[in-house]
Every structure is written in structure tokens, then in C-alpha cells.
Amino acid sequence: MKIVIIGGTGLIGRKLVERLRGRGHEVVAASPSTGVDTVSGQGLDAALAGAEVVVDVTNPTSFDGDATLAFFEASGRNLMAAEAKAGVRHHLALSVVGTQRLQDNGYLRAKHAQERLIEASGIPYTIVQATQFFEFLAGIADGGAADGGTVRLSPALFQPMAADDVADVLMEVALGQPLNRRIEIGGPERIGMAEAVERFLRAKGDPRRVVPDAEATYFGQKMDDRSLTPGEGARLAPTRLGDWLAQARRS
């Protein structure tokens, strides 16, 4: 069948495109670089013509709270309208665990707004809320930098996962029936954010020192052990942080 990946040239999008094409599906990798702009609507109707499934894994270029909200609202409205016109039977969106709870973080507020647009659209959907990716640990370290040699991060637990595992789940859900609800996915182990970043930096040979700080925020959001961890019934991926770090060293 024809499947359109919105954000198909990004980290998750590329992996998903490769997997679905490997299964023999017609896959469109839609992004501004391929002539599809969900914010302006340019190229959407042509890209979605004949599509049965649309997977939205796109992200804005700016993570400023207001700009991010504007991006997801404009993109969501244009995408839902184009999907209704094309007769898309399943809209699948990648979101983040904790969007309903963590409203002090501008990005998560914007993702929650995106989820509400999807739910109100009338198009059959599935929202996959994922935990943070191992691939973003460097960004978390940079976001917590107090000075050049120190990184202050919350010791609160989270449950990060590998981008490859995210893509595997998205492929499976895209090929299934719409669930018309949210599902949560996460890594196999809960670990303190400060500890995970410390292990990542050591594996990369980064000399910065990680200081656990209970008052440190996650991009403006105060953290506790429930903030970024999935609830009961979440689907847990197989790849552990140690295995991912070992693989990254070999590659």
C-alpha cells in the first residue's frame, strides 16, 4: 500500500522509510526538502493522493515554545484537511510520553496540542508516545550545561530507548489497524537522567562532569520519577543503554 511519512528525511523518518520499503510498500518520504511543507500546505495534496496511511514524525526547526506550538497547529490542521480529502484510513503520529502531565515545557505543550487536533479530526488514528531517544542524550547534556565543564541534570528516573526500536514499533503500528487512542513505548530499564548522561559522556570521551541536581529542570520542566516514565501496559523495547553505547563505539 501507499504510505506517506511526514518528516521522512529525519532520524526516525529515514529508518521507517527503509523498513517499509523493505516490506514492499510504496513509501513517500515527505519533507520540505522533497517539496512537501505541512505548515504552508505546499505539496500535501499531491503527496497524499492514493495514500492509505500517513505517519507523522516531523519536528519544527525551532524548539521555542510559541514557535513550536504554531508549527504543530498549522501543520496539524493542514495535514488533517489533506488526509480527509485523500481518504486516508490511518493517521499515525509519534509523540512523547508525558505530554498530558508536563505543561511547563513548551515543546510538550505543543505536542499535546497536536494530539488534540488528531483526536478531534475524525480520521482514524493511533498516537504512539515514546520516551526520549538514546540519540538525544547529547542534546540533554548540552541543555543542562551550567558552564563549560559541568552539566547539572535531574536525577529523576526516565526510560530512554533506541531510535531503531522506535522505528520498529512505528512500522508495526502503521501496518495494523488504527487504535483510536494513545499507546506508550519506552526502553527496557529505568535510569536516572543524570546517570544516563554521565555514562554517555564517559563512553564518548567527553570530559564534562555531571552533577545530579534535584532542582534542575528538563528544558524548563521540573522533574520527578513519574514525569518521563511510561505507565503500566506500556510496550518496552529490547535495547538497553549499555548495549546501545557498545554498538555506537563499534560503528
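All figures in this text were calculated on a predicted structure; none of them were measured in a lab. (Residues numbered from 1 in each chain as written. Predicted model: local features only at pLDDT ≥ 70, side-chain atom pairs only at ≥ 80, totals over all residues. Heavy atoms only, no water.)

Got a sec to walk through empty space enclosed by the protein? Specific residues and values, please.
Per the counting criterion, the structure on display carries one cavity of 30 Å³ or more. If you add up the space inside the largest cavity, you get close to 50 Å³. Together, Asp56, Phe72, Ser75, Gly76, Leu79, Met80, His91, Gln114, Leu117 and Ile118 line the largest cavity. Within the residue set of the lining of the largest cavity, elements represented by two or more residues are helix H3 (65-86) and helix H4 (106-120). Among the elements that line the lining of the largest cavity, the one with the most residues is H3, at five residues. (1 Å grid on protein atoms, 1.4 Å probe; cavity = no way out; pocket = protein on both sides within 12 Å on 5 of 7 lines; lining within 4 Å. Points joined across faces, edges and corners; volume = space filled by probe spheres on them. Helix = DSSP H or I, 4+ residues; strand = E, 2+ residues; numbered from the N terminus.)

Can you break down the packing of aromatic side chains residue by residue, with the values?
The full count for this structure, using the stated rule, is six aromatic pairs. Arranged with centres 5.2 Å apart and planes meeting at 80°, the rings of Phe71 and Phe72 form a pair that is edge-to-face. The pair formed by Phe71 and Phe72 is uniform in burial state, with each residue classed as buried. Joined through ring pairs, the aromatic side chains of Phe71, Phe72 and Tyr107 make up one cluster. (Phe/Tyr/Trp six-rings, centres within 6.5 Å; stacked < 30°, edge-to-face > 60°. Buried < 20%, exposed > 50% of the residue type's maximum accessible area, 1.4 Å probe, protein only.)

Outline the nonpolar core, listing residues and values.
Residues Leu137, Ile140, Phe158, Val197 and Leu241 are the most contacted members of the largest nonpolar core, which totals 30 residues. Those elements that provide at least two residues to this core are H3, H4, helix H5 (137-143), strand S7 (150-153), helix H7 (193-204) and helix H8 (241-250). When residues of this core are assigned to their parent elements, the largest contribution, six residues, is made by H7. Those residues in contact with Val197, other than ones at most four positions away along the chain, are Leu137, Ile140, Ala141, Leu153 and Val210. Grouped together as the second largest cluster of nonpolar side chains are 27 residues, Ala29, Val166, Leu170 and Met171 included. (Core = buried A, V, L, I, M, F, W, Y, C linked by side-chain atoms within 4.5 Å. Contact = heavy atoms within 4.5 Å.)

Tell me about the side chain of Gln132, residues and numbers included.
You can see Gln132 is positioned in the loop between strand S5 (125-130) and H5. Look past the residues within four positions of Gln132 in its chain and what remains in contact with it is Val96, Phe158, Pro160, Met161, Tyr218 and Leu228.

A description of unusual backbone geometry should follow, citing residues and the corresponding values.
Even without a glycine there, the phi angle at Asn180 is positive, about 55°. With respect to the helices and strands, Asn180 occurs in the loop between helix H6 (163-174) and strand S9 (182-186). We note that Phe219 has phi near 50°; this positive angle belongs to a residue other than glycine. Secondary-structure assignment places Phe219 in the loop between strand S12 (217-218) and strand S13 (221-222). A residue is classified by how much of its surface remains accessible, and Phe219, at 48% relative accessible area, is partly exposed.

Which residues make up the layout of surface pockets, and what values do they have?
By volume, the largest pocket is sized at about 720 Å³. Listed by contribution, the elements that provide at least two residues to the lining of the largest pocket are helix H1 (11-22), strand S4 (90-96), H4 and H5. No other element matches H4, which puts four residues into the lining of the largest pocket. Along the lines of polarity and charge, the residues of the lining of the largest pocket split into 15 nonpolar, twelve polar and one charged. (Nonpolar A, V, L, I, M, F, W, Y, C, P; charged D, E, K, R; others polar.)

Bear in mind that shape data such as this cannot, by itself, settle questions of function.
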